[in-house]
Amino acid sequence: MMLKKSKFLGIGSYLPKRVVTNNDLTAFMDTSDEWIRERSGIETRHWVEGTTTTSDLALIAAERALENAGVKKDEIDLLIVATLSPDHDFPGTACFLQEKLGIRAGVPALDVRQQCSGFLYGLSIADQFIKTGMVKKALVIGAEVHSKGMDLTTAGREVSVLFGDGAGAAVVGVCDDVVSDKDSQIFSTHIHADGNFARELWVKAPSMTYSTSRLPEEAFANKDTFPKMNGKTVFIHATRRMPEAIQEALAANNRKIEEVDLFIFHQANLRINQMVAKQLGISEDKVFNTIQKYGNTTAATIPIGLADAVAAGKLKKGMLVASAAFGSGFTWSSALFRW
Ligand code: UT7
């Protein structure tokens, strides 16, 4: 069977309106603008208000991506939502989004639970389905509402200053017209995990590991409902795995790093991305960062980065783009594509 190729057809993002500065955080916890900027590069992040959920953010990002692609929602035959902050434990957020977006009944709706690597995992899944001819057009979304799930006291500051809410969406479709490697296409995607580090960045509760219920009183007493992170371990592995994943994507396609026009890395920490750039020997002006404005929006950082890069005129048709992510799981991933 001749495998087909997929490509990006459109991109969109949505950040909730409320902007929270580093100084705003000092109202809840002992932290400072200086500490947050120096250690992470973050200046502001966006937080939802009221009852807004992850699928609400995903909805607007998806509508924008469909419009950008010039694709009607009835043409979508696969819906993927990557998130670690689902609307509900089950069913998946993709099902709630399917209803809100009005994607026709029968279209498969899939949640990806691979945290910071979630968007590239989702892209990889969509790419495989498109390659084999099972799907013609897919919506791949990364969306998160972190602000309602974090410990906003001093005890949780190492985690809670880093994360923000937001969503990004891509329409990915089959390309029937690829004649050369200069045409828009996804060359390859690469996904990995190492569960030996599953508890280095995780949220314990709700969990079947309690004896009495999924969410006993002890879970609240121990603050098990809040994410915990071993920041130093995550940092060390991120700066090793992301360069590795980029090299893997280049090697798979016989490409040299100098040929890449733009790098869109996951946005966990500006210092991580500066170290990754240094290790790869690439100039920082080829790396598009958004963490200063949005913080870490986990599964949403890469599609938000693509949308912002297009809006800023940094990402143009025909450019060769390399993307990589690393996060909880541990999971890591990469993709090489022609925009
Ligand atoms: O998407 C993947 C998810 N996450 C990541 O990739 C995060 C990876 N890790 C990191 O980005 C960094 O490790 C952090 C930004 C989380 C921390 O930076 P660091 O330079 O490794 O700081 P540290 O853990 O060495 O902490 C230094 C000090 C500690 O105080 P003591 O023990 O030296 O007195 C912390 O208690 O900074 C303190 N601290 C804070 N101070 C003010 C920790 N968080 C804060 C805070 N504000 N928010």
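All of these numbers come straight from a predicted model, not from anything done at the bench.

Caption draft 1: Just the site of the ligand, in detail. Taken together, 21 residues form the shell around the ligand, and within it T31, C116, K232, H266 and N269 come nearest. R39 is positioned with one of its side-chain polar atoms (N or O) 2.9 Å from an oxygen atom of the ligand. One of the side-chain nitrogen or oxygen atoms of R157 is found 3.2 Å away from an oxygen atom of the ligand. In isolation the ligand offers 950 Å² of accessible surface; the protein chains occlude 74% of this area. Comparing atom positions with the cavity grids shows the ligand to sit within the second largest pocket. Among the elements that make up the shell around the ligand, the one with the highest residue count is helix 8 (residues 231-252) (4 residues). For the shell around the ligand, the class distribution of residues is 11 nonpolar, 5 polar and 5 charged. Counting contributing residues, the shell around the ligand receives three or more from each of domain 1 (5-175) and domain 2 (185-338).

Caption draft 2: Expanded view of helix 4 (residues 93-101). Among all positions of helix 4, only T93, A94, L97, Q98 and L101 are buried. Each buried residue of helix 4 sits inside an arc of 145° when the element is viewed along its axis, so together they form one side. If you follow the buried residues of helix 4, they end up packed against helix 3 (54-69), strand 4 (78-82), strand 5 (109-112) and strand 6 (137-144). Two residues or fewer past helix 4, G102 is found with a positive phi of approximately 75°.

Caption draft 3: Expanded view of the side chain of R338. Mapped onto the secondary structure, R338 falls in strand 13 (residues 331-338). The side chain of R338 is buried and forms no salt bridge, while D261, the nearest opposite charge, is found at 4.5 Å. A polar atom in the side chain of R338 sits 3.0 Å from the backbone oxygen of G318. For R338, the contacting residues outside a window of four places in its chain are D181, K182, D183, S184, Q185, F187, R255, G318, M319 and L320.

Caption draft 4: Spatial organisation of the domain arrangement of the protein. If you check the domain split of the protein, you get domain 1 (5-175) and domain 2 (185-338). One C-alpha centre belongs to domain 1, the other to domain 2; they are set 14 Å apart. At the interface, 53 residues of domain 1 touch 49 residues of domain 2. Where domain 1 abuts domain 2, roughly 3,900 Å² becomes buried across the two surfaces, and 62% of that area is made up of carbon and sulfur atoms. By the criterion of area lost to domain 2, the three top residues of domain 1 are C116, L120 and Y121, representing 17% of everything that side buries.

Thresholds, definitions, all that
- Residues numbered from 1 in each chain as written.
- Predicted model: local features only at pLDDT ≥ 70, side-chain atom pairs only at ≥ 80, totals over all residues.
- Heavy atoms only, no water.
- Near = heavy atom within 4 Å.
- Polar contact = N/O pair within 3.5 Å; in protein donor to acceptor, adjacent residues only side chain to side chain.
- Areas by Shrake-Rupley, 256 points an atom, 1.4 Å probe, with all protein chains shown as cover.
- 1 Å grid on protein atoms, 1.4 Å probe; cavity = no way out; pocket = protein on both sides within 12 Å on 5 of 7 lines; lining within 4 Å.
- Sits in = over half its atoms within 2 Å of the grid points.
- Helix = DSSP H or I, 4+ residues; strand = E, 2+ residues; numbered from the N terminus.
- Nonpolar A, V, L, I, M, F, W, Y, C, P; charged D, E, K, R; others polar.
- Domains from an automatic or database assignment.
- Buried < 20%, exposed > 50% of the residue type's maximum accessible area, 1.4 Å probe, protein only.
- Arc of directions from axis to C-beta.
- Contact = heavy atoms within 4.5 Å.
- Lys, Arg positive; Asp, Glu negative; His and termini not counted.
- Salt bridge = Lys/Arg side-chain N within 4 Å of Asp/Glu carboxyl O.
- Buried area = accessible area lost by both parts, 1.4 Å probe.

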